[in-house]
Amino acid sequence: MKIAVTGGAGFIASHVADAYIKEGHRVHIIDNLSTGNAENINPNAVFHNIDICDKSLHKLFEVEKFDLVSHYAAQMNVRVSVSDPIFDATTNILGTLNILEAAKDTGVKKIVFASSGGTVYGEQDYFPADEEHPTRPCSPYGISKVAVEKYLFYYDRVYGLKNCIFRYGNVYGRRQNPHGEAGVVAIFIDKMMNHEQPVINGDGLITRDYIYIDDVVAANILALKPEVTGTYNVTTGVETDVNTIFRNLKELMHSECQEYHGEAKAGEQRRSVCSYKKIHDAFGFTPKFSFFEGMKQTVADALNCKK
Ligand SMILES: NC(=O)c1ccc[n+]([C@@H]2O[C@H](COP(=O)([O-])OP(=O)(O)OC[C@H]3O[C@@H](n4cnc5c(N)ncnc54)[C@H](O)[C@@H]3O)[C@@H](O)[C@H]2O)c1
């Protein structure tokens, strides 16, 4: 298959692109390198340094005639979305519409979309949330994900452009950028490696559903099958708080740093955990990495990189 991977210089999509290439597919990466890193780009992919909002995208789609688009390029920082909702919507909604228009005009069969189980449901009524849980996002970022999901429904219904929407938990693993707001695992590992003090925001009891990158990649391989369409949580169903992450990492890294709590971040969602039962029952997907195993692997990769 010929696959366009947007955001393929970033954390998650660079792993997805690697896996697609390993499976023998022809991969084109579309990325403007705003948060991505050129070093993450697989040398066997064709790289296009283009903003997803750029109108030239249509020409590229016309020439290349992609079979499938794996759409990961996004403004993915919740706090940026709060401080600059127009920038967030421009990239995440208008940029995606630019892709959908190009896709529907050039014979793309399916879009795989990176949505967010951690934000689309908002404060949950029940735990873990399944896909039927109401969507009440508490940030412009979460709103942009729900908006794109609805556009995908529309493009399928009106133009027959199929979709597979993955609502991820908090993804972690090698190549995650430790310098942003997202990715507490990457941030803490980086601090501990550099003998700096990690800061736990507030009481550290905020919970999220953490899923290891290799499990996310496995779901994306599954998404290549034509019969895999629809909306699925790609999560672990396990809730982990920040204090637990800190304590486990401290042990795994033999770090001497103290547990330090700073100011709580205002407006942050308290608990998030989502069930993966739907994708399990439909296609047999089960995450293989426990949080501890995933963290062990992430720490080992980080230490190897430093050597
Ligand atoms: N990391 C997570 O825990 C998580 C959870 C749920 C959903 N997601 C979604 O997965 C996707 C990838 O997230 P990530 O963690 O790999 O982030 P990332 O920042 O590492 O990757 C995003 C990539 O998109 C590129 N990009 C951003 N704006 C662009 C634009 N206008 N045009 C072209 N390229 C652009 C960046 O340069 C970067 O390479 C995002 O859509 C994000 O919302 C991530």
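What counts, and at which threshold
- Residues numbered from 1 in each chain as written.
- Predicted model: local features only at pLDDT ≥ 70, side-chain atom pairs only at ≥ 80, totals over all residues.
- Domains from an automatic or database assignment.
- Contact = placed C-beta atoms within 7 Å.
- Helix = DSSP H or I, 4+ residues; strand = E, 2+ residues; numbered from the N terminus.
- Expected span 1.5 Å × (residues − 1).
- Buried ≥ 20, exposed ≤ 12 C-beta atoms within 10 Å, placed from the backbone.
- Near = placed C-beta within 6 Å.
- Nonpolar A, V, L, I, M, F, W, Y, C, P; charged D, E, K, R; others polar.

K.L.:
How should I be thinking about the domain arrangement of the chain in this particular structure?
P.N.:
A common way to state how big an interface is: give the accessible area lost once the parts meet. Entries for the chain in the domain assignment read domain 1 (2-171 + 210-234) and domain 2 (174-208 + 238-272 + 289-306). The C-alpha centroid of domain 2 is placed 25 Å from the C-alpha centroid of domain 1. Contacts between the two partners involve 20 residues from domain 1, matched on the other side by 16 residues from domain 2. Elements supplying a minimum of two residues to the side of domain 1 that touches domain 2: helix H1 (11-22), strand E10 (210-212) and helix H8 (213-222). Per-element accounting of the side of domain 1 that touches domain 2 gives the leading share, three residues, to H8.

K.L.:
Sorry if this is basic, but what is going on with helix H6 (residues 140-159) here?
P.N.:
Quick reminder: α-helices carry 3.6 residues per turn. Residues three or four places apart thus point the same way. Helix length check: H6, at 20 residues, gives a terminal C-alpha distance of 27 Å against a target of 28 Å (1.5 Å per residue), a fit within 8%. Of the positions making up H6, those classed as buried are Pro140, Tyr141, Gly142, Ile143, Ser144, Lys145, Val148, Leu152 and Tyr155. Those residues of H6 that are buried are in contact with helix H3 (78-83), helix H4 (85-105), strand E5 (110-116), helix H5 (117-120) and strand E6 (162-168). Two residues or fewer past H6, Gly160 is found with a positive phi of approximately 75°.

K.L.:
Even after reading the chapter, I still don't get the site of the ligand, so can you show me in this structure?
P.N.:
Taken together, 29 residues surround the ligand, and among them Gly7, Gly10, Phe11, Gly36 and Ala74 come closest. Elements supplying a minimum of two residues to the shell around the ligand: H1, H4, E5 and strand E7 (170-172). The element contributing the most residues to the shell around the ligand is H1, with three residues. For the shell around the ligand, the residue count by class is 15 nonpolar, twelve polar and two charged.

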